[in-house]
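Summary of the model geometry
The primary structure of each chain is shown beneath.
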Amino acid sequence: MKHLLKMADLSAKEIIEILNMADQLKYETRHGIPHPVLQGKTLGMIFQKASTRTRVSFEVGMYQLGGNALFLSARDLQIGRGEPASDTARVLSRYLDGIMIRTFEQKEVETLAEYGSIPIINGLTDYCHPCQVLADLMTIREFKSGFDGLKLCYIGDGNNMANSLIVGALKVGMEVSIATPATDKPHPDVMAFAEQHDTFRWTESVEEAAQGADVLLTDVWASMGQENESALRAKRFSGYQINAGLMEKANPGCMVMHCLPAHLGEEITKDVFDAHADEIFEEAENRLHAQKAVLVRLLGGKTTLK
Ligand code: CP
Ligand code: NVA
């Protein structure tokens, strides 16, 4: 594993190794045990879109690992004025030890990986959000003690979150059900991968998808870059909400997760969000630990901490 571009590139073994290291890093962080394994290393963080969690967790993560992180707003880089990603990759590879990028097109991330000579980490594209899903899987395993026999259900837009969740959850052996409008299904590549599994089901019906779920997830109806379609999308997704009624279809003890930011009253009601805040904010914290494991693996070349 040289990069983290999308969940499909990871084997089940690699995912589990990352989660194991993330658990250990979380334990050490919580107990004040230092782990400066990336001393002298610098991560460049290119942002073409806004971020709270990704930016702060990567920056703090590098600091806790003994390295440095540079926040590079696309507004200030030449890439924002049209310098090709291929040239940006070749230049930044000579200064940095790794790049995390949040952008629109998956192609841009793939181009950095193709032309650069350092690890590239996808911090969200329109296509996928692998860092979030590693943290999500870590959180599920933490609360449910494993993945075997568990059903994950995602309700809402077949967007970057849906694409990565489907692939990640199927790879670790969970049953996966997805409810989206027929107009907003997950990416065709993801559907093709998923349909090879008899543990996968897509439906337009939220009730059918949520039946017997052990983990329910959702995401915003309008992602970054779709703000001008918000009103239209709010109409299209109005039935795609996690609420108390839907929770009744799920298994007792069903977790509820959200990558955040959340729009309460849209994709999730306030009562359900509040009742599951422990899970949702643990999920947010786990971004830090899961990404540190990715950084140790990619920038430090280690598959275990010791
Ligand atoms: N979930 C997530 O990626 O959050 P940010 O957009 O705040 O980074
Ligand atoms: N689907 C959302 C996820 C934000 C973390 C977006 O792309 O804006």
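To start, this report covers the structure provided alongside it. (Residues numbered from 1 in each chain as written. Chains lettered and ligands numbered in written order. Predicted model: local features only at pLDDT ≥ 70, side-chain atom pairs only at ≥ 80, totals over all residues. Heavy atoms only, no water.)

Some words on the overall build of the chain
Helices and strands together make up the secondary structure of the chain, namely twelve helices and nine strands. Computed over its C-alpha atoms, the radius of gyration of the chain comes to 19 Å, within 12% of the 19 Å expected for a compact globule of 306 residues. Along the longest, intermediate and shortest principal axes, the C-alpha atoms of the chain span 55 × 45 × 35 Å. Burial analysis of the chain (306 residues in total) assigns 56% to the buried set. If you take every contact in the chain between residues at least 6 apart in sequence, the share linking residues at least 24 apart comes to 75%. Counting only carbon and sulfur atoms, one obtains 50% of the accessible surface of the chain, whose full area is about 12900 Å². With 31 positive and 41 negative side-chain charges, the chain shows a separation of 5 Å between the mean positions of the two kinds. (Helix = DSSP H or I, 4+ residues; strand = E, 2+ residues; numbered from the N terminus. Rg over C-alpha atoms; globule rule 2.2 N^0.38 Å. Buried < 20%, exposed > 50% of the residue type's maximum accessible area, 1.4 Å probe, protein only. Contact = heavy atoms within 4.5 Å. Areas by Shrake-Rupley, 256 points an atom, 1.4 Å probe, with all protein chains shown as cover. Lys, Arg positive; Asp, Glu negative; His and termini not counted. Charge placed at Lys NZ, Arg CZ, Asp CG, Glu CD.)

Focus on the environment of Glu105
Summarising the element assignment, Glu105 is placed in the loop between β3 (98–102) and α4 (106–115). Residue classification places Glu105 among the exposed residues on the basis of a relative accessible area of 52%.

Quick word on the site of ligand 2
Taken together, Leu124, His129, Asn159, Asn160, Asp219, Val220, Ser223, Met224 and Leu260 make up the full set of residues near ligand 2. Measuring from a nitrogen atom of ligand 2, one finds a side-chain N or O atom of Ser223 at 2.7 Å. Residue Met224 places a main-chain N or O atom 2.8 Å away from an oxygen atom belonging to ligand 2. In the complex, 94% of the free accessible area of ligand 2, which totals 270 Å², lies under the protein chains. Looking at side-chain class alone, the shell around ligand 2 contains four nonpolar, four polar and one charged residues. (Near = heavy atom within 4 Å. Polar contact = N/O pair within 3.5 Å; in protein donor to acceptor, adjacent residues only side chain to side chain. Nonpolar A, V, L, I, M, F, W, Y, C, P; charged D, E, K, R; others polar.)

A closer look at the side chain of Lys151
Within the element layout of this structure, Lys151 appears in strand β5 (residues 151–155). Buried charge Lys151 goes without a salt bridge, the closest partner of opposite sign being Glu175 at 4.2 Å. Not counting chain neighbours up to four residues away, the residues in contact with Lys151 comprise Glu175, Ser177, Glu208, Ala209, Gln211, Gly212, Ala213, Asp214 and Val215. (Salt bridge = Lys/Arg side-chain N within 4 Å of Asp/Glu carboxyl O.)

Let's talk about the packing of helix α5 (residues 130–144) against helix α12 (residues 277–300)
The interhelical angle for the contact between α5 and α12, taken along N-to-C directions, is 120°, at an axis separation of 7 Å. The pairing of α5 with α12 is recorded here as oblique in orientation. Note that α5 runs across α12; the crossing there is right-handed. Contact residues: α5 offers Cys131, Gln132, Leu134, Ala135, Asp136, Met138, Thr139, Glu142 and Phe143, while α12 offers Asp278, Glu279, Glu282, Glu283, Asn286, Arg287, His289, Ala290, Gln291 and Val294. (Axes fitted to C-alpha atoms, helices over the stretch in contact; angles between N-to-C directions. Parallel < 35°, antiparallel > 145°, perpendicular 65-115°, else oblique. Left-handed = near helix turned anticlockwise from the far one by under 90°.)

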